[in-house]
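Structural overview for review
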Amino acid sequence: MDARSLLLLWLLLPLLLLLGCEVQGAHLTQQDEPTSPDLLETLSTYWDSAKAAAQGLYNNTYLPAVDETIRDIYSKGSAAISTYTGILTDQILTMLQGKQ
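Residues numbered from 1 in each chain as written. Predicted model: local features only at pLDDT ≥ 70, side-chain atom pairs only at ≥ 80, totals over all residues. Heavy atoms only, no water.

All right, on to the overall build of the protein then. Each helix and strand in the protein was counted, giving three helices and zero strands. Counting the 100 residues in the protein, one finds 5% classified as buried. Surface summary for the protein: the accessible area is close to 8600 Å², and the carbon and sulfur share equals 65%. (Helix = DSSP H or I, 4+ residues; strand = E, 2+ residues; numbered from the N terminus. Buried < 20%, exposed > 50% of the residue type's maximum accessible area, 1.4 Å probe, protein only. Areas by Shrake-Rupley, 256 points an atom, 1.4 Å probe, with all protein chains shown as cover.)

In structure tokens form, the structure reads like this:
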């Protein structure tokens, strides 16, 4: 599985989960209104099934090289953002203080 298909899979998974929840939600509104504990129990069941499906998908598509690449990109990106945030903060403070 190449990186493009993996990215497509991660982008489509939340969409599919959202569509599945909407279909189930539309079915619930046609029935009598459930009481609060029933609604919470139903939501908890949906959440657990979605979490199990996502975990299973992650376990099936886990690639150590991709994971390492993502971790490396994250660490380099966060270091760059920290640097540029510091520069921007210094520039703003200099503008606010004015010339002395």
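The full count for this structure, using the stated rule, is two salt bridges. Arg 71 is the partner of Asp 67 in a salt bridge, and the nearest nitrogen-oxygen pair spans 3.1 Å. Taken together, the residues Asp 67 and Arg 71, both in helix H3 (residues 64-97) and four residues apart, mark about one turn of the helix. Salt-bridge contacts for Lys 76 lead to Asp 72; the nearest nitrogen and oxygen are separated by 3.4 Å. Taken together, the positions of Lys 76 and Asp 72, both in helix H3 and four residues apart, correspond to about one turn of that helix. A residue is classified by how much of its surface remains accessible, and Lys 76, at 56% relative accessible area, is exposed. (Salt bridge = Lys/Arg side-chain N within 4 Å of Asp/Glu carboxyl O.)

Below, the discussion takes up a nonpolar patch on the surface. Residues Leu 12, Leu 15, Leu 16 and Leu 19 make up a contiguous nonpolar surface patch of about 360 Å² in total accessible area. For Leu 15, the location among the structural elements is in helix H1 (residues 3-30). You can call Leu 15 partly exposed: its relative accessible area is 43%. (Patch = residues over 30% accessible without salt bridge, like charges linked within 9 Å, V, L, I, M, F, W, Y side chains within 5 Å.)

This part takes up H3. Structural remark: α-helix, 3.6 residues per turn; residues separated by three or four positions point the same way. Between the first and last C-alpha of H3 there are 49 Å, a value that for 34 residues agrees with the 50 Å anticipated at 1.5 Å per step. Gly 98, located one to two residues past H3, shows a positive phi value of around 75 degrees. (Expected span 1.5 Å × (residues − 1).)

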